[in-house]
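In case you want the letters, here they are:
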Protein chains: 2
Amino acid sequence: MAGEITGRLQDGKVRVGQAAISELYEQGYFGKPSGNVLELSLVEAAYLLDRSKIKVDSEGIELDFKSFFQLSSALEKGLEIKYVVYKDLRERGYYVQPGKPDFRVYPRGGHPGKTAAEFYVFVLSERMSLPLQELVEATMLAGQMRKKLMIAIVDEESDITFYEARKKIISGRTDHNVQGGMATLLDDRVMLWDPDASRGLHKHGFFGKLVDERLQLSLVESAYLLDRGLIKLVDRSGASVDIRRLMEQARCIENDFDTKYEVYRDLRNHKLVVKTGFKFGTHFRVYKNVESLEKIQHSEYLVHTVPKDHVFLPPVLSRAVRLAHSVKKQMIFAYSDGEVKYLEIKRLRP
Amino acid sequence: MAGEITGRLQDGKVRVGQAAISELYEQGYFGKPSGNVLELSLVEAAYLLDRSKIKVDSEGIELDFKSFFQLSSALEKGLEIKYVVYKDLRERGYYVQPGKPDFRVYPRGGHPGKTAAEFYVFVLSERMSLPLQELVEATMLAGQMRKKLMIAIVDEESDITFYEARKKIISGRTDHNVQGGMATLLDDRVMLWDPDASRGLHKHGFFGKLVDERLQLSLVESAYLLDRGLIKLVDRSGASVDIRRLMEQARCIENDFDTKYEVYRDLRNHKLVVKTGFKFGTHFRVYKNVESLEKIQHSEYLVHTVPKDHVFLPPVLSRAVRLAHSVKKQMIFAYSDGEVKYLEIKRLRP
């Protein structure tokens with residue numbers, strides 16, 4: 001039946017007559033019925049044209065795939081990458097409709113009229129940047145509509161990687177309230193000298209690292225313990241160091257110290273155990289529970305702190321999520337807009 | 001025999017008398033004999049003091065570990081982190097001596113006087129930055145002295161990750177010299193329309209991605225093929241696009257396009273098959289050989305292009321190497337100082 005249906009390209013849409021509604025819409029959920037015509041998006045029309053399901057003419061001239069595709073890609077920004085994603089999802093057996101931000105995808109076995117869409121899809125080239133705020137808004141919008149947010153990133157060779165982004169609420173079960181004692185601020189770390197206090201803080205709450213019998217604490221750990229009154233801090237000359245002075249010195253060493261500390265404190269206050277994520281290239285690795293140092297479970301989360309106005313670059317995002325996945329942890333980005341919030345980004349395999 | 005030997009702290013060294021040479025140097029290779037005294041570095045002295053092998057006095061006053069360590073860390077920048085690395089290597093059973101950049105490490109079973117050192121060790125805090133040029137120079141110096149270069153990065157909790165950096169020469173076995181034909185430049189990729197040419201270029205050399213019967217080429221692939229005369233390129237209006245115009249447009253899309261292209265071309269000229277490394281967060285994944293598309297081996301290398309004046313941040317480096325390791329590939333950084341050079345960085349487990 002190839003090409004019995006002819007659509008007309010006009011105003012960035014391809015319109016086919018009423019007769020096509022039963023074949024294209026009712027059988028395949030292509031397009032959007034509008035009065036007595038069916039409106040196809042350029043992506044849908046390219047897909048149908050390539051499968052010889054329709055013909056397309058523009059001002060009386062029939063367009064072959066190449067001409068239609070070149071024309072369409074000039075009319076609609078990013079058409080090439082949307083086409084790649086649309087085609088991929090269709091060929092996996094999903095019903096896909098144009099929508100906000102780019103597509104709506106129905107759950108397997110579902111279709112328009114029968115079920116609600118499961119995903120909102122956001123299509124992105126690996127070269128585009130993705131502002132955190134845009135991602136957060138899309139996540140919230142999807143959440144309000146009870147959809148999930150799918151991000152489809154098309155790399156320069158037109159391979160697609162799918163992600164899901166969602167708001168995350170995390171908390172743990174580890175209490176800690178152990179007195180530490182007197183510690184000395186060195187260049188970029190803190191040394192607690194007393195062996196008993198060192199063991200205590202390390203055992204309950206998994207603070208610092210024991211180097212022989214002494215505990216080396218990181219700046220962020222020290223700030224937290226100092227702020228909660230669990231250690232006392234002096235400098236090399238023996239002069240007392242308060243939280244304000246510690247924060248000042250820490251800021252000189254790490255310029256994102258404040259955000260990092262805010263997130264550390266929030267995680268600890270939610271009874272999570274927080275350690276450096278350096279080996280994974282993130283700020284923190286996070287445990288829900290550390291019952292004893294002899295049998296430490298693997299950490300559940302990698303948490304990376306980003307400023308509120310952060311802009312994700314797809315290759316960097318890809319690396320972080322891939323690495324977290326390879327060590328069986330969840331990748332979580334933390335930011336603060338007055339309160340600390342968490343965004344999980346994970347790989348999807350639709 | 002605790003503390004029978006007493007050293008004197010002076011001018012940033014601890015000097016012990018001739019009697020100590022046999023106990024400390026000949027049995028443990030601590031310090032450097034100089035005339036009839038043994039000179040210990042501050043790190044060595046701290047290590048011996050903590051083990052009660054020596055006592056240390058400064059101007060007639062005996063120093064306990066805490067006092068000595070605080071004093072030393074004020075005298076020598078980065079002493080805390082050097083101490084952590086020194087102690088770790090010693091406890092693993094290696095003989096370690098002060099040297100350039102920070103330590104020399106002898107092979108297992110070897111020691112000064114018997115064997116040459118195996119590694120030069122460069123100690124770094126995770127917060128310090130590491131300029132590519134400094135790393136390249138250290139690698140070259142080590143290479144000239146027939147040593148390997150070990151980089152020990154100490155994270156904020158005093159855990160150490162060891163890396164080896166070395167110059168890498170890579171080449172493959174894949175020839176490619178297939179005519180492509182006429183292609184169209186779209187926004188940020190290129191479409192080759194002819195099915196036979198598409199199949200040919202994809203099969204021999206693994207260029208592009210087949211989308212149905214058409215081949216989508218990346219900008220870097222297109223530049224290479226165009227430059228070698230293997231494709232002809234037109235824009236949407238049908239006007240011819242030469243390599244200069246393609247490069248100009250590509251630069252607007254990717255501002256590091258020139259370096260990236262230079263590395264791509266060098267790798268292809270060395271008969272390697274080069275594809276995007278997006279899924280791994282690097283510029284390229286590289287195959288030594290692709291004999292047929294049906295049985296593509298895993299790629300051997302991840303190659304990331306950096307400018308000549310690049311500065312590595314340890315967390316970013318850590319993530320790249322860790323990710324490459326988790327997918328069993330070698331992590332290689334490529335830069336150009338007139339010609340393209342490659343630096344492999346891998347995890348070491350001493």
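A brief structural summary. (Residues numbered from 1 in each chain as written. Chains lettered and ligands numbered in written order. Predicted model: local features only at pLDDT ≥ 70, side-chain atom pairs only at ≥ 80, totals over all residues. Heavy atoms only, no water.)

## Quick look at the sheet that holds strand S2 (residues 13-16) of chain A
All names here are of chain A. Strand order in this open sheet of six strands is S3-S4-S2-S1-S5-S6, and the pairing throughout is mixed. Edge positions in the open sheet fall to strand S3 (32-34) and strand S6 (61-63), since each of these has one partner strand only. Taken over all neighbouring pairs, the strand axes of this sheet differ in orientation by 35° on average, direction set aside. In this structure, strand S1 (residues 5-10) lies alongside S2, joined through three bridges in antiparallel fashion. Each residue of the ladder has a partner; that of leucine 9, found in S2, is valine 14. Across the sheet, helix H1 (residues 19-28) is in contact with S1, S2, S3, strand S4 (37-40) and strand S5 (54-58); its angle to S4 comes to roughly 45°. (Pairing = 2+ DSSP bridges. Helix = DSSP H or I, 4+ residues; strand = E, 2+ residues; numbered from the N terminus. Axes fitted to C-alpha atoms, helices over the stretch in contact; angles between N-to-C directions. Contact = heavy atoms within 4.5 Å.)

## Focus: the sheet that holds strand S13 (residues 181-185) of chain B
Sheets are built from strands paired through backbone hydrogen bonds, the pairs being either parallel or antiparallel. Residue and element names in this part refer to chain B. Across the sheet, which stays open at both edges, the five strands sit in the order S15-S16-S14-S13-S17 with mixed pairing between neighbours. Two strands in the sheet have a free side with no partner beyond their single neighbour: strand S15 (209-211) and strand S17 (231-234). For this sheet the average axis-to-axis angle between neighbouring strands, irrespective of direction, equals 35°. Here three bridges tie strand S14 (residues 190-192) to strand S16 (residues 214-217), and the two strands are oriented antiparallel to one another. Bridging across to S16, leucine 192 finds its partner in leucine 215.

## Considering the packing of helix H2 (residues 42-50) of chain A against helix H4 (residues 79-91) of chain A
Residues and elements named next belong to chain A. Contact pair H2 / H4: the axes reach a minimum separation of 9 Å and the direction vectors enclose 60°. Taken together, H2 and H4 sit at an angle that is classed as oblique. Seen from above, H2 lies across H4 with right-handed handedness. Along its contact with H2, which presents Leu42, Val43, Glu44, Ala46, Tyr47 and Asp50, the element H4 presents Leu79, Lys82, Tyr83, Tyr86, Lys87, Arg90 and Glu91. Split by residue class, the contact of H2 with H4 holds seven nonpolar, no polar and six charged. (Parallel < 35°, antiparallel > 145°, perpendicular 65-115°, else oblique. Left-handed = near helix turned anticlockwise from the far one by under 90°. Nonpolar A, V, L, I, M, F, W, Y, C, P; charged D, E, K, R; others polar.)

## Describing the packing of aromatic side chains
For any pair of aromatic rings, the description consists of the separation of the ring centres together with the inter-plane angle of the planes. Residues and elements named next belong to chain A. Counted under the stated rule, the structure contains 29 aromatic pairs over all chains. Plain terms: the ring middles of phenylalanine 65 and phenylalanine 69 are 5.3 Å apart, the flat faces sit at 25° to each other, and that makes the pair stacked. Of this pair, phenylalanine 65 and phenylalanine 69 both sit in helix H3 (residues 65-75), four residues apart, which is roughly one turn of that helix. Ring centres 6.1 Å apart and planes at 50° place the aromatic pair phenylalanine 65 and tyrosine 83 in the tilted group. With a gap of 18 residues between them, phenylalanine 65 in helix H3 and tyrosine 83 in helix H4 connect regions that are remote in the sequence. (Phe/Tyr/Trp six-rings, centres within 6.5 Å; stacked < 30°, edge-to-face > 60°.)

## Comments concerning the pattern of salt bridges
Inspection of the entire model under this criterion finds 62 salt bridges over all chains. The salt bridge partner of glutamate 344 of chain A is arginine 166 of chain A, with a shortest N-O separation of 3.2 Å. Of this pair, glutamate 344 of chain A sits in strand S23 (residues 340-348) while arginine 166 of chain A sits in strand S12 (residues 160-168), and the two are 178 residues apart along the sequence. For arginine 166 of chain A, a relative accessible area of 35% puts it in the partly exposed group. The partner of aspartate 258 of chain B in a salt bridge is arginine 251 of chain B, with the nearest N and O atoms 2.5 Å apart. Note on arginine 251 of chain B: relative accessible area 37%, which makes it partly exposed. The structure contains a network of salt bridges with shared partners spanning Asp50, Arg51, Lys87 and Glu91 of chain A together with Asp212 and Arg214 of chain B. (Salt bridge = Lys/Arg side-chain N within 4 Å of Asp/Glu carboxyl O. Buried < 20%, exposed > 50% of the residue type's maximum accessible area, 1.4 Å probe, protein only.)

## Structural notes on the relation of the copies chain B and chain A
The pair of chain copies shares a relation made of a rotation about an axis and a shift along it. Least-squares fitting of chain B to chain A yields an RMSD of 0.0 Å, with the transformation described by 0.0 Å of translation along the axis and a rotation of 180°. Both copies of the chain, as the preceding transformation shows, are related through a two-fold rotation axis. Scanning chain B for the C-alpha nearest the rotation axis identifies leucine 323 of chain B, at a separation of 2.8 Å. Here 100% of the contact residues of chain B are again contact residues in chain A; the copies associate through an equivalent surface. (Least-squares fit on C-alpha atoms with pLDDT ≥ 70 in both.)

## Re empty space enclosed by the protein
Across all of its chains, the model carries two cavities of 30 Å³ or more by this definition. Estimated volume of the largest cavity: approximately 40 Å³. Every residue along the wall of the largest cavity is listed here: Lys279 of chain A together with Thr161, Tyr163, Ser318, Val321, Arg322 and Arg347 of chain B. Secondary structure elements with two or more residues in the lining of the largest cavity: strand S12 (160-168) and helix H10 (314-326) of chain B. (1 Å grid on protein atoms, 1.4 Å probe; cavity = no way out; pocket = protein on both sides within 12 Å on 5 of 7 lines; lining within 4 Å. Points joined across faces, edges and corners; volume = space filled by probe spheres on them.)

## Regarding unusual backbone geometry
In the segment running from lysine 100 of chain A into proline 101 of chain A, the intervening peptide bond is cis, with an omega of -10°. Its place among the elements puts proline 101 of chain A in the loop between strand S7 (96-98) and strand S8 (103-105). Positive phi values are uncommon outside glycine, yet aspartate 11 of chain B reaches one of about 55°. Residues other than glycine seldom take positive phi values, yet lysine 328 of chain B does so here, at roughly 60°. As for its position among the elements, lysine 328 of chain B is in the loop between H10 and strand S22 (330-336).

## Let's talk about the nonpolar core
Counting 49 residues, the largest nonpolar core has Leu24, Leu40, Ile54, Phe68, Phe69 and Val85 of chain B as its most contacted members. Here leucine 40 of chain B is in contact with Lys13, Val14, Val16, Leu24, Phe30, Gly31, Ala45, Leu48 and Ile54 of chain B, once residues within four sequence places are set aside. Judged by nonpolar contacts, the second largest core, of 48 residues, contains Ile54, Leu63, Phe65 and Phe68 of chain A. (Core = buried A, V, L, I, M, F, W, Y, C linked by side-chain atoms within 4.5 Å.)

## Focus on the interface of chain B and chain A
By a frequent convention, interface size equals the accessible area lost on bringing the separate parts together. Across the contact, 67 residues belong to chain B and 67 residues belong to chain A. Both faces combined, the contact of chain B with chain A buries some 6,200 Å², and carbon together with sulfur accounts for 49% of it. The interface formed by chain B and chain A holds 18 salt bridges in total. The closest approach of N and O atoms between glutamate 156 of chain B and lysine 260 of chain A, which form a salt bridge, is 3.2 Å. At the boundary of chain B with chain A, the tally comes to 39 residue pairs in polar contact (both at pLDDT 80 or more). Each residue belonging to the side of chain B that touches chain A can be placed in one class, and the counts come to 25 nonpolar, 13 polar and 29 charged. (Buried area = accessible area lost by both parts, 1.4 Å probe. Polar contact = N/O pair within 3.5 Å; in protein donor to acceptor, adjacent residues only side chain to side chain.)

## Some thoughts on helix H6 (residues 195-203) of chain B
Residue and element names in this part refer to chain B. If you check which residues of H6 are buried, you get Ala197, Ser198, Gly200, Leu201 and His202. Summarising the contacts, the buried residues of H6 are in contact with S14, S15, S16, helix H7 (219-227) and S17. Within two residues after H6, glycine 205 carries a phi angle of roughly 110°, on the positive side.

## Digging into the side chain of threonine 282 of chain B
By the secondary structure assignment, threonine 282 of chain B is in strand S19 (residues 282-287). A residue is classified by how much of its surface remains accessible, and threonine 282 of chain B, at 6% relative accessible area, is buried.

## Here's the deal with the layout of surface pockets
Residue and element names in this part refer to chain A. By volume, the second largest pocket is sized at about 420 Å³. In this structure, the second largest pocket is lined by 20 residues; those nearest its centre are Lys13, Ser41, Pro98, Gly99 and Asp102. Those elements that provide at least two residues to the lining of the second largest pocket are S4, H2, S7 and S8. For the lining of the second largest pocket, the element with the highest residue contribution is H2, accounting for three residues.

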